[in-house]
Amino acid sequence: GMAAIGAPLAGIAGITKLIRVGSEFQSEMSNVKAFVKGTESELQKLSDTAEGLGASTAFTASDAAKAMAEMGKAGLSANQILGASEGVLTLAAAGDIEMAEAATIGTQLSYAAASASAFGMDLGETSGIISTLATTLGEDKAGTAFRSMMTSLQAPTAGAAAQLESLGISLTDSA
């Protein structure tokens, strides 16, 4: 008799969880729509992409939608978010961080990428520095602070060059 009662209760619990997960995803997609300017078609592609990432990775569709909302807050367009989603997922998996945090780092990388490349830094080094800067300066300023630091090192003022030299650091222009 107990088994006959337990099976329907387990089914109800599963349905309740499914409804909660679906509701959470819809809530996150509402956030995406609030921050991302795009056509209905582009927003539907974002939703489909988030669901696809949720089905094919260790992340949920809600995680992907949170990341998309973070990218939207940073000013990325729907198409830019579609293009960046795979990279954000890779960064999140490699750094063992949540997708929303990876999205924030990913948008800050857009400010820092050229400077990091000029110094021969890889993605891991650059994202590590940006993460460290974000803890003290704030996530919205980390990428530009990194770019500013690298630019200062590329063309140091006379005073900065003297300070670097006193530390035994020599910078030369290969050109």
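Model, not experiment: these values are computed from the prediction.

Draft legend 1. Inspection of the nonpolar core at higher detail. Core analysis: the largest hydrophobic core is formed by 38 residues, its most contacted members being Val32, Leu46, Met99 and Phe146. For this core, the secondary structure elements donating two or more residues are helix H1 (2-35), helix H2 (40-56), helix H3 (61-73), helix H4 (78-95), helix H5 (99-118), helix H6 (123-137) and helix H7 (142-154). Other than its neighbours up to four places away in sequence, valine 32 contacts Leu46, Ala65, Met68 and Ala69.

Draft legend 2. Structural context of the pattern of salt bridges. A complete count under the given rule lists one salt bridge for this structure. The salt bridge partner of glutamate 70 is lysine 73, with a shortest N-O separation of 3.2 Å. Here glutamate 70 pairs with lysine 73, and both are found in helix H3, just three residues apart, close to one helical turn. Judged by its relative accessible area of 24%, glutamate 70 is partly exposed. The exposure class of lysine 73 is partly exposed, given its relative accessible area of 49%.

Basis of the calculations
- Residues numbered from 1 in each chain as written.
- Predicted model: local features only at pLDDT ≥ 70, side-chain atom pairs only at ≥ 80, totals over all residues.
- Heavy atoms only, no water.
- Core = buried A, V, L, I, M, F, W, Y, C linked by side-chain atoms within 4.5 Å.
- Buried < 20%, exposed > 50% of the residue type's maximum accessible area, 1.4 Å probe, protein only.
- Helix = DSSP H or I, 4+ residues; strand = E, 2+ residues; numbered from the N terminus.
- Contact = heavy atoms within 4.5 Å.
- Salt bridge = Lys/Arg side-chain N within 4 Å of Asp/Glu carboxyl O.

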